[in-house]
Amino acid sequence: MIQFINVSKKYNRTYALREINLRIEPGEFLYIVGPSGAGKSTLIKLLYRQIRPTSGLIRINKFNLTKMKNRNVPYLRRELGVVFQDFKLLPRLTTYENVAYAMEVTEKRPTIIRNRVMDVLNLVGLASKSRRFPDELSGGEQQRVAIARAIVNRPKIVIADEPTGNLDPQTSAEIINIFENVNRQGTSVIMATHNSEMVNQRPHRLIEVVQGQIVRDENKGAYHHAAIYR
Amino acid sequence: MRLFTVKRHIKDSFRSLKRNGWMSVASVSAVTVTLLLLGIFLALVLNVNKLSSEIENDVHVRVLIDRGTTKSQKQHLKTELKELKDVATVQYSSKTNELKKVVGHYGSSFQMFSGDDNPLNDVFIVSTTEPEKTITVTQQARKLKYVTIASYGGTQAKQLFKVMHTIRQWATGFTILLLFVAVFLISNTIRITILSRRDEIGIMRLVGATNAYIRWPFFLEGAWTGLLGSILPIIALDFGYSWLYRITAVQLTSFGYSLAEPRYFLFVLNLLMIIVGVLIGAVGALISMRRFLKV
């Protein structure tokens, strides 16, 4: 379970987030929507402890992120899967090695890693490209590698920051399919996105952030990005 | 750390070295050039040191004994000399023995002074614990009974000590300076290769790698870079020095000196270069990546 209690984040003198209260139950699929600069990415960064809140309390399962020491951050991140708009793959590692790396850091046995990585690559449809390097893959394929890496440790929560931001509509749909499959297996998915078409076609719980505050929290809510902010 | 994690780190470090391509070549070359310079200079300095101490140790105090001194008086003088501060050894050389040396150096024409015609004195050759103490020991020896003259080569020896002292100081200074340059050059090159990989380190952190886990392959890669970089300088220095030793051997031995014997000397020098290369490579990598490991 994820809990935000009165969380604010200030950069210099500007509030990126103000007094956020949010509770996400296990197994939920949550969209975070809002215009650019609204605070979506800040919210996501707080979740994987890239940044600390200026005030308030954040809890993810057994972890208290507000009080967490830097040396414990890796252990939190092993329980999360994080996917980014720019994929963030290790350029010198192959598809297989990129996915395996997330398991290797947890010191799992080589045989366990081999089996699980191949399973996950099959799941995202990239088993045949396991020896390719990231720059030999298309954008959609790179994003699928990133998702494979995010789910390989069977995390309870997957966080995605604009995962379809760089992809065409068809590839975006394939990516969302994968996320929904992951969610069906009981993993919470939290996704920050601009993509109103996708949000409306695949409705899930939706929170809308505007100027650092949650202005809407709806189950199967719709989002009309262009209509409101034109 | 588990054994398979250790294997993984070693494998990762080699893989990274290979996939970094030209960056690895650049790092290894920097280490090669720096270690070559360091090696040449070290060989030079160590030999200058060796030769200078050999020359210095050649300086002894010669205590000429009064003619007509009896055996027991000589024994008394020997004991007195031994008891002087900073005296290491006292060796007796009879006037016959001294003449032999003269004949050996200047030719058989001096043989005519043999027997009762020998104008030389019996001598005590006194060596001191440190070459610089020769002067004070000479002054003290002059005051003793049965001593005709005590000498050490006068102003020439004084000048020699001064020159040797200066050479040693400069050589030590240069070695330290060069060592700093080596550290600076090698760690700077490694810093550049790591700088180009700061994003990678960030991603490793994002997927839950601890700092220690991230550090190991970089640390090992730095060490391999140092090790690979030391191969060429070692080969060059070993061949070069052995050649130099051979061609200078004849001339130097005729003066009673020699360069350091290659087998042991090169072993120490090679070991030193490997240690410097590996240590600077590994530690340089750790220092360079430190700031990228903050959350």
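In this text the structure is predicted, and so the values were computed from the model without any measurement. (Residues numbered from 1 in each chain as written. Chains lettered and ligands numbered in written order. Predicted model: local features only at pLDDT ≥ 70, side-chain atom pairs only at ≥ 80, totals over all residues. Heavy atoms only, no water.)

Novice: I'd like to hear about empty space enclosed by the protein, residue by residue, with values.
Specialist: Overall, the coordinates contain three cavities of 30 Å³ or more when judged by the stated rule. Counted as a void, the largest cavity has a volume near 210 Å³. In terms of lining residues, the largest cavity is bounded by 16 residues, among which Leu93 of chain A together with Arg15, Ser16, Arg197 and Met204 of chain B are the most central. Among the secondary structure elements, those contributing two or more residues to the lining of the largest cavity are α1 (3-19), α7 (198-206) and α8 (211-254) of chain B. If you tally residues by element for the lining of the largest cavity, the top one is α8 of chain B, at five residues. In the lining of the largest cavity, the residues fall into eight nonpolar, one polar and seven charged. (1 Å grid on protein atoms, 1.4 Å probe; cavity = no way out; pocket = protein on both sides within 12 Å on 5 of 7 lines; lining within 4 Å. Points joined across faces, edges and corners; volume = space filled by probe spheres on them. Helix = DSSP H or I, 4+ residues; strand = E, 2+ residues; numbered from the N terminus. Nonpolar A, V, L, I, M, F, W, Y, C, P; charged D, E, K, R; others polar.)

Novice: Break down the UniProt feature "transmembrane region" (unreviewed entry) in chain B for me, citing the residues and quoting the values.
Specialist: Residues and elements named next belong to chain B. UniProt's entry tags residues 21-46, 170-190, 223-244 and 264-287 with the feature "transmembrane region" (unreviewed entry), counted in the numbering of this structure. Here residues 21-46 runs as 96% helix and 0% strand, with 37 Å between its end C-alpha atoms. Across residues 223-244, the secondary structure splits into 100% helix and 0% strand, with the terminal C-alpha atoms separated by 31 Å. (UniProt positions renumbered as here; feature names shortened; annotations may be inferred.)

Novice: Talk me through the environment of Lys40 of chain A; I want residue IDs and the actual numbers.
Specialist: Residue and element names in this part refer to chain A. Structurally, Lys40 can be placed in helix α1 (residues 40-47). The exposure class of Lys40 is buried, given its relative accessible area of 5%. Taking the C-alpha atoms as reference points, Lys40 and Asp86, 46 residues apart in sequence, are found 16 Å from one another. Apart from residues no more than four positions distant in its own chain, Lys40 is found in contact with Ile32, Val33, Gly34, Pro35, Glu162, Ala192, Thr193 and His194. In terms of polar contacts, Lys40 uses its side chain to reach the backbone carbonyl oxygen of Gly34, at 2.8 Å. (Buried < 20%, exposed > 50% of the residue type's maximum accessible area, 1.4 Å probe, protein only. Contact = heavy atoms within 4.5 Å. Polar contact = N/O pair within 3.5 Å; in protein donor to acceptor, adjacent residues only side chain to side chain.)

Novice: Please give an account of the interface of chain B and chain A that cites residues and values.
Specialist: Contact with chain B, which involves 22 residues of that partner, is made by 29 residues of chain A. A combined buried area of about 2,400 Å² lies between chain B and chain A, and 58% of that area is made up of carbon and sulfur atoms. Where chain B touches chain A, the interface holds three salt bridges. A salt bridge links Arg15 of chain B to Glu97 of chain A, with the shortest nitrogen-to-oxygen separation between them at 3.2 Å. Counting across the interface, chain B meets chain A through eleven residue pairs in polar contact (both at pLDDT 80 or more). The leading source of residues in the side of chain B that touches chain A is α1 of chain B, at six residues. Its residues assigned to classes, the side of chain B that touches chain A comprises ten nonpolar, four polar and eight charged. (Buried area = accessible area lost by both parts, 1.4 Å probe. Salt bridge = Lys/Arg side-chain N within 4 Å of Asp/Glu carboxyl O.)

Novice: Describe the domain arrangement of chain B, listing the residues and the values that go with them.
Specialist: Residues and elements named next belong to chain B. If you check the domain split of chain B, you get domain 1 (3-55 + 157-292) and domain 2 (59-151). Here domain 1 and domain 2 have C-alpha centroids that lie 49 Å from each other. Each side of the interface is counted separately: domain 1 has five residues, and domain 2 has five residues. When domain 1 packs against domain 2, close to 430 Å² is buried across both sides, 78% of that on carbon and sulfur atoms. At the boundary of domain 1 with domain 2, the tally comes to zero salt bridges. Counting across the domain 1 and domain 2 interface gives zero residue pairs in polar contact (both at pLDDT 80 or more). The biggest single contributor to the side of domain 1 that touches domain 2 is helix α6 (residues 154-195), with four residues. Tallied by class, the residues present in the side of domain 1 that touches domain 2 amount to four nonpolar, no polar and one charged. (Domains from an automatic or database assignment.)

Novice: How would you sum up the sheet that holds strand β2 (residues 14-24) of chain A? Please name residues and give values.
Specialist: Sheets are built from strands that pair by backbone hydrogen bonding, the pairs being arranged parallel or antiparallel. All names here are of chain A. Taken together, the four strands give an open sheet; going across it, the order is β2-β1-β4-β5, and neighbouring strands pair in antiparallel fashion. Lying at the two open borders of the sheet, with one neighbouring strand each, are β2 and β5 (63-64). Relative to β2, strand β1 (residues 2-11) is paired through seven bridges, and the arrangement is antiparallel. Across the sheet, the residue bridging to Phe4 is Leu22, located in β2. (Pairing = 2+ DSSP bridges.)

Novice: Break down the UniProt feature "domain: ABC3 transporter permease C-terminal" (unreviewed entry) in chain B for me, with residues and values.
Specialist: Here the UniProt-annotated "domain: ABC3 transporter permease C-terminal" (unreviewed entry) positions come out as residues 174-293 of chain B. Secondary structure across residues 174-293 of chain B divides into 86% helix and 0% strand, with the first and last C-alpha atoms of the span separated by 36 Å.

Novice: Let's hear about the sheet that holds strand β2 (residues 87-93) of chain B: which residues, and what values?
Specialist: Residues and elements named next belong to chain B. In spatial order, the strands read β2-β3-β1-β4; together these four strands make up an open sheet with antiparallel pairing. At either end of the open sheet lies a strand with only one pairing partner, and these are β2 and β4 (147-151). Direction aside, the axes of adjacent strands within the sheet are offset by 20 degrees on average. By the bridge criterion, six bridges tie β2 to strand β3 (residues 123-128) in an arrangement that is antiparallel. In the strand pairing of β3, Tyr92 is matched with Phe124. Of the strands in this sheet, β1 (61-65), β2, β3 and β4 are in contact with helix α3 (residues 71-83), which crosses β2 at around 160 degrees. Helix α5 (residues 134-142) rests against β1, β2, β3 and β4 of the sheet, and its axis sits at about 170 degrees to β4. (Axes fitted to C-alpha atoms, helices over the stretch in contact; angles between N-to-C directions.)

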